[in-house]
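A closer look at the structure
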Amino acid sequence: MNKIETWVNVPNNSDFTIYNLPYGAYTDKEGNHSFGVAIGRQIIDLNRLQEAGLLSDINLPGGIFNRTHLNDFIALGKPVWTSLRNRLTQLLTKGNTALQDKSDEIMLDQDDVKMRMPIHIGDYTDFYSSIEHAANVGSMFRDPDKALLPNWRHLPVGYHGRSSSIYISGTPIYRPMGQQIPKGETQPIFGESKRLDIELEMAFIIGGNTTQGECINTSVAEDHIFGMVLFNDWSARDIQKWEYVPLGPFLGKNFASSISPWIVTLDALNPFRVAGPVQDPKVLPYLQYQGEKNFDIHLEVALTTEAGDETIISRSNFKYMYWNMAQQLAHHTINGCTICVGDMMASGTISGKDKSSYGSMLELSWAGKNPIQLNSGETRTFLQDGDTVTLRGHGERDDIRVGFGEVSGKILPPKK
Ligand code: CA
């Protein structure tokens with residue numbers, strides 16, 4: 001990839017380089033809602049950019065960036081996303097002064113805005129596509145010898161979640177109440193979840209509608225993806241363990257998930273493509289694919305105590321996924337199920353082979369048997385009230401860095 005220099009001051013190690021250009025939604029100091037693209041510590045306000053006439057060569061309806069959510073823009077399709085990306089790259093490149101001359105009117109500081117939910121999420125699906133995670137959970141919840149169920153290597157297992165409880169980074173998370181079975185007991189009790197956990201995931205956002213009966217082929221599936229965010233699928237393990245048979249996750253999962261506010265496009269993630277794992281046994285023809293469809297994205301989980309001490313409790317990578325996004329989408333639509341612009345599909349917890357790369361506290365503490373050591377001297381098996389969990393992620397290759405920023409949430413006691 002050619003090196004591009006920008007006239008914007010982008011700090012070293014910034015996630016938001018000229019190669020990234022992620023989309024976000026925010027409210028400014030005056031209370032105006034708008035959409036923007038991040039670069040360094042700044043934001044290009046897309047509504048102001050369009051009003052200044054700097055996007056006139058792109059086929060964009062007037063006021064497209066002056067709406068509540070980005071869905072209408074996303075629905076314009078991949079050629080428009082790519083044209084806007086190319087135009088923004090041009091405007092930000094050193095030597096081009098069209099935007100630079102008007103930057104006081106068009107650009108804002110990220111510290112001066114409050115990020116908000118960028119899209120209306122109609123439907124949300126959560127997959128279960130990391131073989132290490134599925135095997136770890138299977139051996140803890142069931143039998144270590146039968147950790148993976150017979151279907152797992154044949155299809156990307158998933159379930160439908162609720163979009164109503166997906167929150168933007170920074171939203172506090174209330175500890176859920178629910179049924180659970182104390183150790184050694186046979187009858188359930190009701191109370192606060194004592195095994196509140198995280199799930200390190202990434203999620204993609206659908207960029208095009210399908211019609212009833214339509215199936216998406218793996219060869220074009222990525223054209224239906226607008227971009228990706230970091231995703232923390234908060235989970236109450238005690239509630240989950242009691243309720244999940246036979247229909248799967250319900251109240252142990254649907255109280256909250258959190259997303260990072262900046263949507264990184266697949267165009268920006270292209271430099272980080274890598275081959276996926278060999279799938280054995282061979283998958284059915286509709287799940288077969290060509291090319292590199294995994295992405296080398298470094299992921300980390302930080303736990304910060306109420307006193308402010310941060311510990312990185314896991315380092316993982318999106319490239320570990322057994323099933324890729326194209327396969328997930330092909331499987332999701334193979335029965336003719338419709339998907340819509342703004343739908344969100346999460347990867348499932350991303351664990352690696354190494355113990356330090358497990359994507360949940362359930363795995364890191366092995367169901368509470370091995371407490372996680374924190375820098376403060378404290379330990380954790382699961383989350384305490386007052387703990388804040390932050391996920392971060394970025395790709396890096398040949399001095400090109402593209403990152404997601406972060407998604408964080410603080411645990412509060414149950415809402416009274
Ligand atoms: Ca999950």
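Model, not experiment: these values are computed from the prediction.

Once that is clear, we can look at the sheet that holds strand β25 (residues 388–397). Whenever strands of a sheet pair, they do so through backbone hydrogen bonds, lying parallel or antiparallel. If you trace the five strands from one edge of the open sheet to the other, you get β9-β26-β25-β20-β21, paired in mixed fashion. Taken across any chain shown, the strands that pair with only one partner, and hence form the sheet edges, are β9 (173–174) and β21 (310–317). Summarising the sheet, β25 and strand β26 (residues 400–412) pair through nine bridges and their orientation is antiparallel. Residue pairing for β26: Leu 391 is matched across the bridge by Val 407.

Enumeration according to the criterion identifies three cavities of 30 Å³ or more in this entry. In this structure, the largest cavity spans a volume of roughly 50 Å³. Around the largest cavity, the lining residues are Asn 20, Leu 21, Tyr 23, Trp 81, Thr 82, Arg 85, Leu 88, Thr 265 and Asp 267. By residue number, the principal contributor to the lining of the largest cavity is helix α3 (residues 78–92), which donates four residues. Taken together, the residues of the lining of the largest cavity break down into four nonpolar, three polar and two charged.

If you walk across this open sheet you meet the five strands as β4-β3-β2-β1-β5, and the pairing is antiparallel. In the strand order of this sheet, the two ends are held by β4 (107–109) and β5 (114–116), each with one partner. In this sheet, neighbouring strand axes are inclined to one another by 50° on average, regardless of whether the strands run parallel or antiparallel. Bridge analysis of strand β1 (residues 23–27) against strand β2 (residues 33–39) gives five bridges, and the strand direction is antiparallel. Residue pairing in the sheet places Thr 27 in a bridge with His 33 of β2.

Where a metal carries four tetrahedral donors, each ideal angle is 109.5 degrees; where it carries six octahedral donors, the ideal angles are 90 or 180 degrees. Here the calcium ion is held by the protein donor atoms Asp 126 (OD), Glu 199 (OE), Glu 201 (OE) and Asp 233 (OD), which lie 2.2 to 2.3 Å from it. When the donors of the calcium ion are listed by position in the chain, the intervening gaps give D-x72-E-x1-E-x31-D. Of the two residues, Glu 201 sits in strand β13 (residues 200–206) while Asp 233 sits in the loop between β14 (225–232) and β15 (235–236), which places them 32 residues apart along the sequence. Judged on exposure class, the residue Glu 201 and its partner Asp 233 are both buried.

This part is about the domain arrangement of the chain. Domain assignment breaks the chain into domain 1 (23–116) and domain 2 (124–412). Distance between the C-alpha centres of domain 1 and domain 2: 30 Å. Every contact between the two is made by 18 residues of domain 1 and, on the other side, 15 residues of domain 2. Between domain 1 and domain 2, roughly 1,400 Å² of surface is buried when both sides are summed, and carbon and sulfur atoms account for 67% of that area. The three residues of domain 1 that bury the most area against domain 2 are Tyr 23, Ile 74 and Trp 81, which together make up 39% of that side's buried surface. The interface formed by domain 1 and domain 2 holds one salt bridge in total. A salt bridge links Asp 267 to Lys 78; the shortest N-O distance between them is 3.5 Å. Counting across the domain 1 and domain 2 interface gives four residue pairs in polar contact (both at pLDDT 80 or more). No other element matches α3, which puts four residues into the side of domain 1 that touches domain 2. The residue inventory of the side of domain 1 that touches domain 2, partitioned by class, reads 10 nonpolar, five polar and three charged.

About the criteria used
- Residues numbered from 1 in each chain as written.
- Predicted model: local features only at pLDDT ≥ 70, side-chain atom pairs only at ≥ 80, totals over all residues.
- Heavy atoms only, no water.
- Pairing = 2+ DSSP bridges.
- Helix = DSSP H or I, 4+ residues; strand = E, 2+ residues; numbered from the N terminus.
- 1 Å grid on protein atoms, 1.4 Å probe; cavity = no way out; pocket = protein on both sides within 12 Å on 5 of 7 lines; lining within 4 Å.
- Points joined across faces, edges and corners; volume = space filled by probe spheres on them.
- Nonpolar A, V, L, I, M, F, W, Y, C, P; charged D, E, K, R; others polar.
- Axes fitted to C-alpha atoms, helices over the stretch in contact; angles between N-to-C directions.
- Donors = N, O, S within 2.8 Å, 3.2 Å for Na, K, Ca; no water.
- Buried < 20%, exposed > 50% of the residue type's maximum accessible area, 1.4 Å probe, protein only.
- Domains from an automatic or database assignment.
- Contact = heavy atoms within 4.5 Å.
- Buried area = accessible area lost by both parts, 1.4 Å probe.
- Salt bridge = Lys/Arg side-chain N within 4 Å of Asp/Glu carboxyl O.
- Polar contact = N/O pair within 3.5 Å; in protein donor to acceptor, adjacent residues only side chain to side chain.

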